[in-house]
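# Descriptive analysis of the structure
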Amino acid sequence: MPLKGNGIRIGRRASVAFGVFVALAVSAVGLLWAKWAPYAAKAAAAHRSRHWSGSSILTAGGVHAGDRPTWHAAATFFHAYVSSIWPALIVALLISASVQALLPRSWLPRALNRRAAVSSGLAGGLAGMPSMMCACCTAPVAVTLRRNGITPAAAVAYWLANPLLNPAVLVFLFFVAPWQWTLTRMVVGVATVLGVAASVGWVSRRSGGEPIPAGTLAAADDDEPAGRARRFVRALLSLCLFLLPEYAVLVLLAGALRGWLLSLGQPAHHGLLPGLVLVLAVAVAGTLMVIPTAGEIPILQGLALLGASSGTIGALLITLPAVSAPGAAMVARSFGWRAVATTTAVVIAAGLLGAGVLSLL
């Protein structure tokens, strides 16, 4: 009997080890294909030319500042956006399903959950930086983290650190933009990730939104390989069915409305609105808009050529990559609307801070 029990335990450990290996392989190979290799090539090209070759996604399809919402604006933006992010979105869905089905449920909470919200935010932020995804692509992974018992503070920090503290984008900015942009993004980006983590942690404790203890989630860890495969397929289908439809609708809506965002950066608005009101409006619009990774670089360069103020550029430098309406909708069920609203408000405030820091520099 003891021999049989030992054999069962060894078999279960082998099953767990195999699941962990597959999950790590999916993550490493997927990120190498979708992120690490392409960004290394882009960084090398930017270093050689000191020029960013990409164009602004906000002008795709010939949309100009002040244009009214149209189906053409929505459809052309949707095509340009999906063409840019589809590899990262596929990898994010596969990583999310792998985490749900293949990793022991107690591992990630042990790695990322801390007693203090700021410490959890620091752990989540550091975990998010290597994947270098935009706010929408990393949303499925953030949703999975919450479902697996990660605290709201760590999960939201992971979600925001992906786009805000993306090492590749920081390198791109250093090569093709004024050094003040890179410094502002780094300093305000770190403050934003930790500030959001602290704020969301406080709101979650006040509303009773802490996650289920990891121990109650660990019962599925001993499943056989066939059970893990079924759970992987179910998790992948669930993510696709519940997250992608609303994501698509909101990306179309953002594309339809982008002419208004472009108009906010025009010098013509500088005399119509007080400076702080204009920067606040830009920060709100940037927070709601959706862009691919590094999509803010050509947008900000174009606005700078048109004579946009440092406050406008500083605000968008922080708010454009963070949150977005589609990303917020994707994580809302798992994070809760209080946490999402708190995150959005803090990011808008961080946009104002970015405007102030860049103006001073």
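Let me begin by describing the structure that accompanies this report. Predicted model only: the values in this text are computed from it and were never measured. (Residues numbered from 1 in each chain as written. Predicted model: local features only at pLDDT ≥ 70, side-chain atom pairs only at ≥ 80, totals over all residues. Heavy atoms only, no water.)

For the structure shown, the criterion picks out seven aromatic pairs. Between the aromatic rings of Trp33 and Trp86, the centroid separation amounts to 5.8 Å while the plane-to-plane angle is 65°, which identifies the pairing as edge-to-face. Of this pair, Trp33 sits in helix α1 (residues 2-49) while Trp86 sits in helix α2 (residues 71-102); the two residues are 53 residues apart in sequence, bridging distant segments of the chain. Residues Trp52 and Phe172 carry aromatic rings whose centres are separated by 4.9 Å and whose planes lie at 45° to one another, so their mutual orientation is tilted. Of this pair, Trp52 sits in the loop between α1 and α2 while Phe172 sits in helix α7 (residues 167-176), placing them 120 residues apart in sequence. Phe172 gets classed as buried once you look at its relative accessible area, which sits at 0%. Members of the aromatic cluster, each reached through a chain of ring pairs, are Tyr39, Trp52 and Phe172. (Phe/Tyr/Trp six-rings, centres within 6.5 Å; stacked < 30°, edge-to-face > 60°. Helix = DSSP H or I, 4+ residues; strand = E, 2+ residues; numbered from the N terminus. Buried < 20%, exposed > 50% of the residue type's maximum accessible area, 1.4 Å probe, protein only.)

Now for the packing of α7 against helix α11 (residues 296-305). Contact pair α7 / α11: the axes reach a minimum separation of 11 Å and the direction vectors enclose 30°. Here α7 is positioned roughly parallel relative to α11, judged by the angle of their axes. Crossing of α7 against α11: the hand is right-handed. Side by side, α7 and α11 meet where Val169, Phe172, Leu173 and Val176 of the first sit next to Glu296, Ile297 and Gln301 of the second. Taken together, the residues of the contact of α7 with α11 sort by class into five nonpolar, one polar and one charged. (Axes fitted to C-alpha atoms, helices over the stretch in contact; angles between N-to-C directions. Parallel < 35°, antiparallel > 145°, perpendicular 65-115°, else oblique. Left-handed = near helix turned anticlockwise from the far one by under 90°. Contact = heavy atoms within 4.5 Å. Nonpolar A, V, L, I, M, F, W, Y, C, P; charged D, E, K, R; others polar.)

Remember that the coordinates give geometry; whether it matters functionally is a separate question.
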